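Observations on the model geometry
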Amino acid sequence: MANRGPSYGLSREVQEKIEQKYDADLENKLVDWIILQCAEDIEHPPPGRAHFQKWLMDGTVLCKLINSLYPPGQEPIPKISESKMAFKQMEQISQFLKAAETYGVRTTDIFQTVDLWE
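Let me sum up the structure you'll find in this document. Nothing here was measured: the structure is a model prediction, and the numbers come from that model.

This paragraph deals with the packing of helix 4 (residues 60–68) against helix 5 (residues 86–103). To characterise two packed helices, one gives the angle between the axes of the helices and the distance between these axes. The geometry of helix 4 relative to helix 5 is characterised by a closest axis approach of 9 Å and an angle of 25° between their N-to-C directions. Relative to helix 5, the element helix 4 is oriented roughly parallel. Taken as a pair, helix 4 and helix 5 cross one another with a handedness that is left-handed. Residues Thr60, Leu62, Cys63 and Ile66 of helix 4 pack against Gln92, Phe96, Ala99, Ala100 and Tyr103 of helix 5. Taken together, the residues of the contact of helix 4 with helix 5 sort by class into seven nonpolar, two polar and no charged.

Looking now at the pattern of salt bridges. Tallied over the entire structure, the rule returns three salt bridges. Lysine 29 is the partner of aspartate 25 in a salt bridge, and the nearest nitrogen-oxygen pair spans 3.5 Å. In this pair, aspartate 25 and lysine 29 both sit in helix 2 (residues 24–38), four residues apart, roughly one turn of the helix. Classification of aspartate 25 as partly exposed rests on a relative accessible area of 46%. Residue lysine 29 is classed as exposed on the basis of its relative accessible area of 52%. Between aspartate 109 and arginine 106 there is a salt bridge, and its shortest N-O distance comes to 2.9 Å. Assessed through its relative accessible area of 48%, aspartate 109 is described here as partly exposed. By relative accessible area, arginine 106 is classed as exposed at 57%.

Turning our attention to the packing of aromatic side chains. In this structure the tally under the stated criterion is three aromatic pairs. Relative to tyrosine 103, the ring of tyrosine 70 has its centre 5.6 Å away and its plane inclined at 65°; by these criteria the two rings are edge-to-face. Of this pair, tyrosine 70 sits in the loop between helix 4 and helix 5 while tyrosine 103 sits in helix 5, and the two are 33 residues apart along the sequence. Judged by its relative accessible area of 43%, tyrosine 103 is partly exposed.

What counts as what
- Every chain is numbered on its own, with residues counted from 1 as its sequence reads.
- A pLDDT threshold of at least 70 governs which residues receive local features in this predicted model, and a stricter bar of 80 or more applies before side-chain atom pairs are shown or counted, although totals over entire chains, interfaces and linings include all residues.
- Side-chain measures were taken over the full set of non-hydrogen atoms in the model, leaving aside hydrogen atoms and water.
- Think of each axis as a best-fit line through the C-alpha atoms, taken over the contacting stretch in the case of a helix, with angles from 0 to 180 degrees between the N-to-C directions.
- The helix count covers DSSP runs of H or I at least four residues long, the strand count covers runs of E at least two residues long, and both are numbered beginning at the N terminus.
- Any angle that falls under 35 degrees is termed roughly parallel, while one over 145 is termed roughly antiparallel, one within 65 to 115 roughly perpendicular, and all others oblique.
- Each helix crossing is assigned a hand: it is left-handed if the near helix lies turned anticlockwise from the far helix by less than a right angle, otherwise right-handed if that turn is clockwise.
- We call two residues contacting when some pair of their heavy atoms lies within 4.5 Å.
- Throughout this entry, Asp, Glu, Lys and Arg are counted as charged residues, while Ala, Val, Leu, Ile, Met, Phe, Trp, Tyr, Cys and Pro are counted as nonpolar. The remaining residues, Gly among them, count as polar.
- Any carboxyl oxygen of Asp or Glu that lies within 4 Å of a side-chain nitrogen of Lys or Arg is treated as forming a salt bridge with it.
- Each residue is assigned to one of three classes by its accessible area relative to the maximum for its type, calculated with a 1.4 Å probe on protein chains only: buried under 20%, partly exposed between the two thresholds, exposed over 50%.
- Stacked, edge-to-face and tilted labels apply to pairs of Phe, Tyr and Trp rings (six-membered ring for Trp) whose centres lie within 6.5 Å, assigned for plane angles under 30 degrees, over 60, and everything in between, in that order.

Have a look at this one:
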C-alpha cells in the first residue's frame, strides 16, 4: 500500500469506481475459503479492503494456499518465510504467481506483485 495523499479529478473518479466495485461479501467468502483450504491455523483478518490486502501482502497466506492445492511432498514452494522485509515478501508473492501459472492459471488472469503493494 503506497502512502498517497488525496486524489483529484480523473484519478479520484477512477478510485471511486474501484471502491464501488469492491464486494465485502465476496471478501468474506474468499477469506473463509482460503482458511478452510489451507487447513492451518491462519488468523482471520478484520473486514475491509485494506485489511484483506495487508493480510495477503506478505505472501505467506498466498504461498500456503498454493501449497495446499498439491499433495504433501509435492508443494511448489518448499520454504515459506514470515520475514517482515519488503523484498522477501515481494519474492514470496512472485513465487506464488509463478506457482499459480504452473498450476494452470492463465497469465492474463494473474496480477503483478506490485498490485498488492499499491
